[in-house]
Amino acid sequence: MKFFSIGIFAMSTVSQSAKAQINDFGARQRSDLAQPPVQDRPPQVTDDHEHLLKSWWGGRNWLMKHGIDVIPAYMLEAAGNVSGGLSQGAAYTGRFGIDLEIDWAKLAGLRGLKSHTLFVSNSGRDLSADRLNNDPYSIMELNGRIGTFVRLQFAYVTQDLANDHLQIGAGRANQSLFFDSSPLYCMFLSLAICRVPRALTGANPDGFYSGSKTNWGGYVRYRPVTPFYMQVGAFEVSRSHGGASGFSWSIRETNGVNLPFEIGWQPGGGAGERPSHFALGGYYDHAPVHDVYWDDFGNARILSRLPGRRSHSHTAFWAQFDHMIKRNTASNVGGLIIFANFTRTDPNISIFKQQATIGFEDVGEIGTRPKDGFGVQVTYAWASHAMRSGQKLHYRQYGRYPGGLYSAQSYEMIIEAQYSFHLYRAVDLQPDFQYIVHPNSQKGIRNATVFGGRARVNF
């Protein structure tokens, strides 16, 4: 029995029966975070993904025999705000990506060593920025914010040791690949919880980060027995994030280190069982950050217009679980899975306070459509009370809210439902509905109704 599979720990493609709902390109680890590792496969060429061009006329089989797995993919997202928000309108975003995974045991005889690399090119506009007052819980996960150029999104290696009880990973990466994440979170269109809960990035966006941002970092994961794991990491805190191309790897802007940790339990990993995943974690970040409300002289910074006083450490914590309550197919996610996440950060130095999400995903419920899936999730997010106090003070002093706000920021709720259609080999279409209560956490903005969707093809 393998104690853990190799690759990106928490951003996986969940299986062919649920590929329709996965919206990220770094997709080669085990098939589901809720599923403990399965027995070794027979020594033969296997491919966990559908491809529009099948085996590339034999080329893919030859590459995979030599340990090289390449997936070019294109994904398109579109959404329209039909009521509420600041105004009505539509937007689209697109991403072309090339995901490269190399098993160096097959290629060069280096047992347990694998490398993981992803290149992306984004285009388009973010509807939340245009119509919802720059709501950070973007309704479009791709959101087009890294430009149309080609960018290296991550590049790191993993090494298995101690008969696969121990794994070490290091390179250009970010914490959302490994901590407080799940493939279930990216089955939905919005950015509220994909890849990690948005609240985690509010305290210091250069510390715990997600998406296209990568710095130097690494982790160590230990699995003493099959259901249990523990992991710790260390990641550079820097504004660089690789620059525009992703290849700017200087450490000149480094000003601290972010130290995430997590323990987890994953029972029910046998064939035909209903898997579960429970995890607790957090991080300690010792990089200097600014207080949301106070300046260095003990005055409200919203009035003094001075930088917030510096804090030289902060923490965040999370709890997450998912459990398959009904099995529909042999796939690791071929059933009805419920999930929940609660994440809390420091509201004195973060624009966020805490965030809670509950939901379910049901894959293969319709017997004649085993690769279709349907899901609903609800996210409730609280803004920082310190930030809200400053905004109210600004209103009392000047008769208006700062930064173009329509009211003080308090809380926001996102209700989302999606259905994923498997249209053809490696081609999936996912209609999506979202209802946003208090966009950008402002009661002064009308609740928004958004219809959207996603299409994806693996070549």
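Data block above holds the structure.
The notes below deal with the structure included here. (Residues numbered from 1 in each chain as written. Predicted model: local features only at pLDDT ≥ 70, side-chain atom pairs only at ≥ 80, totals over all residues. Heavy atoms only, no water.)

**Considering the nonpolar core**
Then step 1. Among the nonpolar cores identified, the biggest contains 17 residues, and Phe178, Phe179, Leu200 and Phe208 are the most heavily contacted of them.
Then step 2. Secondary structure elements with two or more residues in this core: strand 3 (113-124), strand 4 (150-161) and strand 12 (314-327).
Then step 3. Counting residues in hydrophobic clusters, the runner-up holds 15 residues, among them Ala79, Leu127, Ile139 and Met140. (Core = buried A, V, L, I, M, F, W, Y, C linked by side-chain atoms within 4.5 Å. Buried < 20%, exposed > 50% of the residue type's maximum accessible area, 1.4 Å probe, protein only. Helix = DSSP H or I, 4+ residues; strand = E, 2+ residues; numbered from the N terminus.)

**What to know about the pattern of salt bridges**
Then step 1. In total, this model carries 7 salt bridges according to the counting rule given.
Then step 2. Across the pair Asp291 and Arg309 runs a salt bridge, and its minimum N-O distance is 3.8 Å. You can see Asp291 sitting in strand 10 (residues 289-295) and its partner Arg309 sitting in strand 11 (residues 308-311), a full 18 residues away along the chain.
Then step 3. We note a salt bridge from Asp372 to Arg369, for which the minimum N-O separation is 2.8 Å.
Then step 4. Overall, Asp372 belongs to the buried group, its relative accessible area being 4%.
Then step 5. For Arg369, a relative accessible area of 31% corresponds to the partly exposed category. (Salt bridge = Lys/Arg side-chain N within 4 Å of Asp/Glu carboxyl O.)

**Here's the deal with the environment of Pro267**
Then step 1. Tracing the chain through its elements places Pro267 in the loop between strand 8 (256-265) and strand 9 (276-285).
Then step 2. Taking the relative accessible area as the measure of exposure, Pro267 reaches 19% and is therefore buried.
Then step 3. For the pair Pro267 and Phe278, spaced 11 residues apart in sequence, the C-alpha to C-alpha distance is 8.9 Å.

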